[in-house]
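# Structure at a glance
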Amino acid sequence: MEFNKLLSAIINNDQLHARWLNTLSLMENTGARKISASEDPETVTYIILKHAAEEHRHAFYLKKQIEKIKSVECPTYTTGYLIAPKSSRYYLNQLDIDVCRYLKKELGLKGRDLRFAAYLLVTYAIEVRADELYPVYQEELDRTGSKVNVKSIILEEEGHLEEMINQLKSFSPEWQFHADKAVEMESKLFLQWVDQLNSEVCN
Ligand SMILES: [Fe+2]
Ligand SMILES: [Fe+2]
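What you see is a predicted model; the values in this text were computed from it and never measured.

### Thoughts on the layout of surface pockets
Roughly 480 Å³ of volume is contained in the largest pocket. For the largest pocket, the lining is made up of 28 residues, of which Met 27, Gly 31, Leu 92, Val 122 and Ile 126 are closest to its centre. Among the secondary structure elements, those contributing two or more residues to the lining of the largest pocket are helix 2 (14-38), helix 4 (85-107), helix 5 (111-144) and helix 7 (175-201). Per-element tally for the lining of the largest pocket: the top contributor is helix 5, with 11 residues. Looking at the lining of the largest pocket residue by residue, the classes come out as 17 nonpolar, 3 polar and 8 charged. Considering only enclosed or pocket space, the second largest pocket measures out at about 160 Å³ in volume. If you trace the second largest pocket, you find it lined by Ser 38, Glu 39, Asp 40, Thr 43, Val 44, Thr 45, Ile 48, Arg 112, Asp 113, Arg 115, Phe 116 and Tyr 119. When residues of the lining of the second largest pocket are assigned to their parent elements, the largest contribution, 5 residues, is made by helix 5.

Rules used throughout
- Residues numbered from 1 in each chain as written.
- Chains lettered and ligands numbered in written order.
- Predicted model: local features only at pLDDT ≥ 70, side-chain atom pairs only at ≥ 80, totals over all residues.
- Heavy atoms only, no water.
- 1 Å grid on protein atoms, 1.4 Å probe; cavity = no way out; pocket = protein on both sides within 12 Å on 5 of 7 lines; lining within 4 Å.
- Points joined across faces, edges and corners; volume = space filled by probe spheres on them.
- Helix = DSSP H or I, 4+ residues; strand = E, 2+ residues; numbered from the N terminus.
- Nonpolar A, V, L, I, M, F, W, Y, C, P; charged D, E, K, R; others polar.

Interpretation in functional terms is not warranted from these geometric data alone.
This is the structure:
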């Protein structure tokens, strides 16, 4: 099923839609916690603090949107309240592992430098994805007249991509090459995730 069709099938089913929002919330929360964990306690910047705060807000905001779907509750991130739980948990963690492996092998990075470079590349790839995914979701929400709304997230994600590019530019003159590698790794994981979503929604 095409991605927009998959989203409209999810939106049209309250149970699935609530679990979808909860799953996005889980993934935003995972991202936020990863950014916070990669922060250097001394050299952390305004941009990184802002970014972590906004990703935490996205997790909360998505959770709050579930209240607009009456009669369905998703109080926690336990498996029964998620869609494609395995793949949704695996996605970001595996991307982190893949990117760290790449940075160690290709650039010989370790310790603090590795953590920072992984933050840059993983987050870049995710921002590219977020800039694609949320607008398609919002379009389907508008089309179906849903009360759920992710416009404020879309605005912030656009800012994040720009901020990541600026940080990457000062990280390396070859930033685009490394960033493309990260996007390649992310795309494989994203397709696996969509496959699992599809098989759950179509069952
Ligand atoms: Fe986000
Ligand atoms: Fe973001």
